[in-house]
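# Structural characterization, general
Each chain, letter by letter, is given below.
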Amino acid sequence: MDLEAVRTFVAAAEAGQFQKAAADLSITQQAVSKRIAALERGLGVRLFTRTPRGAELTIDGQAFLPHARELLRVAERAVTSVRTGRRPLRVDVIASRGAASGLMRGFHRAYPEIDLDVLMLFEIETAVAAIRSGAIDASFRAVAMPGRQLPEDIESVRVLDEPLQLLTGPAHALAGARSVTVAQLVGHRIWMPGIVPGTEWGAYYDDLVAEFGLTIEATGPNFGSDALLDTIADTPALATFMGGHTRLVWPADHGLRRIPVTDPTPVYPHSLLWHRDNPHPALATLRAHLAATAAGHDSAGTWAPSWVIPS
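Residues numbered from 1 in each chain as written. Predicted model: local features only at pLDDT ≥ 70, side-chain atom pairs only at ≥ 80, totals over all residues. Heavy atoms only, no water.

Here we take up the layout of surface pockets. Here the largest pocket is characterised by a volume of approximately 1,100 Å³. Residue lining of the largest pocket: 35 residues in total, with Ile94, Ala95, Gly194, Trp201 and Thr246 positioned closest to the centre. Of all elements in the fold, only helix H5 (99-110), strand E6 (154-168), helix H7 (200-212), helix H8 (225-234), strand E10 (238-243) and strand E12 (265-275) reach the threshold of two or more residues within the lining of the largest pocket. Among the elements that take part in the lining of the largest pocket, E10 stands out by supplying 4 residues, more than any other. (1 Å grid on protein atoms, 1.4 Å probe; cavity = no way out; pocket = protein on both sides within 12 Å on 5 of 7 lines; lining within 4 Å. Points joined across faces, edges and corners; volume = space filled by probe spheres on them. Helix = DSSP H or I, 4+ residues; strand = E, 2+ residues; numbered from the N terminus.)

Listed below in structure tokens is the structure:
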């Protein structure tokens, strides 16, 4: 269906005159007549009846009008979705309670006038493909995979080093500590069922284990953070790692402890990825905001794998 003909029909219906519709659309009255005649042929019905005062909708025209208006609204939304200056900035944050989500909440507080679409993609390959296709504008990713380089058209910048914390239940041997060193964790069972082999965070924890001789178990099904917290609270022999900026809510009677890890402090390095040719104006604003709020990376007393995305 010709959208210009539909637009002309709506203009004529609202104006009540072909001449007025022609002026509103900046076309000739003859063009209005031709477009509406073509639309009527396509629909197989008469849409207008000519009167001394102009043009009145037929019963079929009255029935078609609300649908014609909806067609134009849908078309406008479709166009807006691909106009970078008008559509929302689409950003992948991996998880709703993670550090990246917190960064985007801070950005939204600073720039409430910028429309955002926040979504969660699982694997870095999926996120990179979505950036390259234009499905999203940016993605927060922790690290690059060892031996895997980002495509040349994907830019990245490190925006946050998130310190790891040890999470224990009240009966764990380290529950009373104000902080723990990495060496003190050797021999303790650290349970992280959310680690998936082949993911960027899986590679990160593999390096952490290799560097410090820790014991991280990823056994059992991953029933989500609530089930993980229940198990940690009830099992004195188990602890888990948690990002220092991760937001979790648990019942007060769980007695869970969040304990800083030091000497060195393992940090999880979050980076922002985007396509170098992405013209969305809000992307530049996001990058500037993150640059202004970013802390120093690779500072003394911290540890991250040597193959993280560079600053």
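Attention now moves to the nonpolar core. Generally speaking, nonpolar side chains in soluble globular proteins are found buried as a group. Counting 22 residues, the largest nonpolar core has Leu166, Leu185, Tyr205 and Phe241 as its most contacted members. Counting residues per element, the ones that place at least two in this core are E6, H7, E10 and strand E11 (257-262). The element that contributes the greatest number of residues to this core is H7, accounting for 4 residues. Each residue touching phenylalanine 241, except ones within four places of it in the same chain, is listed here: Leu164, Gln165, Leu166, Leu185, Ile190, Met192, Tyr205, Leu208, Leu214, Ile216 and Val261. (Core = buried A, V, L, I, M, F, W, Y, C linked by side-chain atoms within 4.5 Å. Buried < 20%, exposed > 50% of the residue type's maximum accessible area, 1.4 Å probe, protein only. Contact = heavy atoms within 4.5 Å.)

Next up on the list: the pairing of E10. The element E10 is largely enclosed, with a buried count of 6 among its 6 residues. Because side chains alternate across E10, one face comprises the buried residues Leu238, Thr240 and Met242, and the other comprises Ala239, Phe241 and Gly243, equally buried. Direction of pairing for E6 relative to E10: antiparallel, over a ladder of 5 bridges. When the sheet's bridge partners are listed, threonine 168 is paired in E10 with alanine 239. (Pairing = 2+ DSSP bridges.)

Next up on the list: H5. When the terminal C-alpha atoms of H5 are compared, their 17 Å separation across 12 residues agrees well with the 16 Å that a helix rising 1.5 Å per residue should span. Buried within H5 we find Ala99, Ala100, Ser101, Leu103, Met104, Gly106 and Phe107. If you follow the buried residues of H5, they end up packed against strand E3 (89-92), strand E4 (116-119), strand E5 (138-141), E6, E12 and helix H9 (281-293). (Expected span 1.5 Å × (residues − 1).)

Counted by the stated rule, this structure contains 11 aromatic pairs. Here the aromatic cluster, defined as three or more aromatic residues joined through ring pairs, consists of Tyr204, Tyr205, Phe212, Phe241, Tyr268 and Trp303. (Phe/Tyr/Trp six-rings, centres within 6.5 Å; stacked < 30°, edge-to-face > 60°.)

For the rest of this paragraph, the subject is the packing of H5 against H9. Direction vectors running N to C along H5 and H9 enclose 110°, while the axes themselves pass 11 Å from each other. Taken together, the axis directions place H5 and H9 in an arrangement best described as roughly perpendicular. Viewed along their axes, H5 and H9 form a crossing whose handedness is right-handed. Only Ala282, Thr285, Leu286, His289 and Leu290 of H9 make contact with H5, whose side of the interface consists of Leu103, Met104, Gly106, Phe107 and Ala110. Each residue belonging to the contact of H5 with H9 can be placed in one class, and the counts come to 7 nonpolar, 3 polar and no charged. (Axes fitted to C-alpha atoms, helices over the stretch in contact; angles between N-to-C directions. Parallel < 35°, antiparallel > 145°, perpendicular 65-115°, else oblique. Left-handed = near helix turned anticlockwise from the far one by under 90°. Nonpolar A, V, L, I, M, F, W, Y, C, P; charged D, E, K, R; others polar.)

What follows covers a positive patch on the surface. On the surface, Arg97, Arg105, Arg109 and Arg247 cluster together into a positively charged patch. Topologically, arginine 247 is positioned in the loop between E10 and E11. According to the relative accessible area criterion, arginine 247 is partly exposed, its value standing at 47%. (Patch = residues over 30% accessible without salt bridge, like charges linked within 9 Å, V, L, I, M, F, W, Y side chains within 5 Å. Areas by Shrake-Rupley, 256 points an atom, 1.4 Å probe, with all protein chains shown as cover. Salt bridge = Lys/Arg side-chain N within 4 Å of Asp/Glu carboxyl O. Lys, Arg positive; Asp, Glu negative; His and termini not counted. Charge placed at Lys NZ, Arg CZ, Asp CG, Glu CD.)

Turning to the pattern of salt bridges, a few remarks are in order. Applying the stated criterion across every chain, the model contains 12 salt bridges. The residue arginine 87 makes a salt bridge to aspartate 137 at a minimum N-O spacing of 2.7 Å. A residue pair is termed long-range when its members are at least 10 positions apart, and arginine 87 in the loop between helix H4 (59-82) and E3 and aspartate 137 in the loop between helix H6 (124-133) and E5 qualify at 50 residues. With respect to burial, arginine 87 and aspartate 137 carry one shared label: buried. Across the pair arginine 132 and aspartate 153 runs a salt bridge, and its minimum N-O distance is 3.1 Å. With a gap of 21 residues between them, arginine 132 in helix H6 and aspartate 153 in the loop between E5 and E6 connect regions that are remote in the sequence. In this structure, a network of salt bridges that share partners links the residues Glu4, Arg7 and Arg35.

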